[in-house]
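Observations on the model geometry
Okay, here's what each chain looks like letter by letter:
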Amino acid sequence: MPYSSAVECADASGTGEERAVAAVWIERAMEHGARAELAAVLQLAAAGRLRCSDKTKRPSAATIRALGEILTGGDFYEGEAVRAFAWPLLLQAGGLSELSGGRLELTARGHKAPAEPAHETIRHLWRRWLSHGVLDEFSRIEAVKGQRAANVLSATGPRRKAVGAALAECCPPGEWVTVDELFKAMRTAGHDPYLVRSERALWKLYLEDAQYGSLGYDGHHDWPVLQGRYTLCVLFEYAATLGLVDVQYIDPEGARDDFRHMWGADWLERLSRYDGLLAIRLNPLGAYATGRADDYRPGSGTRRRSAEPGQGPAELRRRGTRRPGPR
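Now for a look at the structure at hand. (Residues numbered from 1 in each chain as written. Predicted model: local features only at pLDDT ≥ 70, side-chain atom pairs only at ≥ 80, totals over all residues. Heavy atoms only, no water.)

Next up on the list: the overall build of the chain. Summing up its helical and strand segments, the chain has twelve helices and seven strands in all. By sequence separation, contacts in the chain at least 24 residues apart represent 76% of the contacts at least 6 residues apart. Here the chain has roughly 14,000 Å² of accessible surface; of this, 47% comes from carbon and sulfur atoms. (Helix = DSSP H or I, 4+ residues; strand = E, 2+ residues; numbered from the N terminus. Contact = heavy atoms within 4.5 Å. Areas by Shrake-Rupley, 256 points an atom, 1.4 Å probe, with all protein chains shown as cover.)

Okay, a nonpolar patch on the surface next. On the surface, Tyr212, Trp263 and Trp267 cluster together into a nonpolar patch covering about 410 Å² of accessible area. Looking at the element boundaries, Trp263 is found in the loop between strand 5 (245-249) and strand 6 (277-282). (Patch = residues over 30% accessible without salt bridge, like charges linked within 9 Å, V, L, I, M, F, W, Y side chains within 5 Å. Salt bridge = Lys/Arg side-chain N within 4 Å of Asp/Glu carboxyl O.)

Below, the discussion takes up helix 4 (residues 83-93). Counting buried residues in helix 4 gives eleven out of eleven residues, a clear majority hidden from the surface. Within helix 4 the residues assigned to the buried category are Arg83, Ala84, Phe85, Ala86, Trp87, Pro88, Leu89, Leu90, Leu91, Gln92 and Ala93. (Buried < 20%, exposed > 50% of the residue type's maximum accessible area, 1.4 Å probe, protein only.)

Residues of strand 3 (residues 103-106) alternate between two faces, with Leu104 and Leu106 buried on one and Arg103 and Glu105 left unburied on the opposite face. Sheet topology note: the strand 2 (residues 97-100)/strand 3 ladder contains four bridges and is antiparallel. When the bridges of strand 3 are listed, Glu98 appears paired with Glu105. Between strand 2 and the antiparallel strand that follows it, strand 3, lie two residues; Gly101 among them carries a positive phi value of about 65°. (Pairing = 2+ DSSP bridges.)

Glancing now at the packing of aromatic side chains. Per the stated rule, a full pass over the model turns up eleven aromatic pairs. Measuring from centroid to centroid gives 4.4 Å for Trp129 and Tyr238, while their planes differ by 15°, and the two rings are stacked. Pair noted here: Trp129 is in helix 6 (residues 118-132) and Tyr238 is in helix 10 (residues 224-239), with a separation of 109 residues, a long-range link. Residue class for Trp129 comes out buried when judged on its relative accessible area of 0%. A connected cluster of aromatic rings, assembled from ring pairs, spans Phe76, Tyr77, Phe236 and Tyr249. The ring of Phe76 is capped by Arg83, whose NZ or CZ atom sits 5.2 Å from the centre of that ring. Above the face of the Phe85 ring, Arg140 is positioned so that its terminal group lies 3.6 Å from the ring centre. (Phe/Tyr/Trp six-rings, centres within 6.5 Å; stacked < 30°, edge-to-face > 60°. Lys NZ or Arg CZ within 6 Å of the ring centre and 35° of its normal.)

So, about the side chain of Thr231. By the element assignment, Thr231 lies in helix 10. You can call Thr231 buried: its relative accessible area is 0%. Ignoring sequence-local partners within four residues, the contact set of Thr231 consists of Val163, Phe183, Met186, Pro193 and Trp223.

Mapped onto the secondary structure, Arg297 falls in the loop between helix 11 (284-289) and strand 7 (304-306). With a relative accessible area of 63%, Arg297 lands in the exposed category.

On to unusual backbone geometry. Of note in the backbone geometry, Asn151 takes a positive phi value of approximately 55° without being a glycine. Summarising the element assignment, Asn151 is placed in the loop between helix 6 and helix 7 (156-170). At Glu208, a residue that is not glycine, the phi angle is positive and equals roughly 65°. The residue Glu208 is located in the loop between helix 9 (199-202) and helix 10 in this model.

Laid out in structure tokens, this is it:
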């Protein structure tokens, strides 16, 4: 279970940062766990225990349960599939497995993977996800409706590459970077995972009601709401699953208030399951996978720890978090 008995619920009042400071946050070092999980996921695929939809490529409920049992320390949140959802998609994108009758079967490359260095396979999976991801990550932001309308969302390739470039260029290895600081750095450096084909397309996206809740209104499609949520998904669900970044996070409900002013938000405790991500740290595996390091030298550190209330984003900066910037 990701949360210990020390967790306290954040007060629903106050700003997003005040709520983040009030909540206990979790820190997880992902590098070593991901390498072990890769081997376990490949074993499940070899045993024929992973099933996905032939149409959507998404894992079945039974597959998510099976993967949840082998994840190091469990998924980030109890009852919320993040890493368990990502692993089957990563295998498909990386060409390690393919669907046959709704069941994932290892390819020739997948059968060879257990004998190869895990960090090489993980680097391959990350690079393949950036170029061949099998779903649009923004579809995981279910609160935003209208995504399936024609000519609304932009191509996924350039969006993923923008986030991948930001991870490589704006996150100094070994240093904590808050997600809001990363957002600012991405905008400054021009790493913009722009989500829609045109400004007109914004009007087709909405919360709750297609007319009143449209994201086309001024102030309803700010960078943190659209590009920011997409970035959070790519980092929390895929980069962290592969062990490229260590993470600090809280419960997503009430974690961010950048959407509270929007029509339809009164009924939402969160805009996405990724809202609780506070900060990331590019670790040695991530530095190697993103090209920041020429070779891989395993890092060290605790796998997981909880912090007492009062240590939120401001405390992260006091502990050494720096404003990111291009290398």
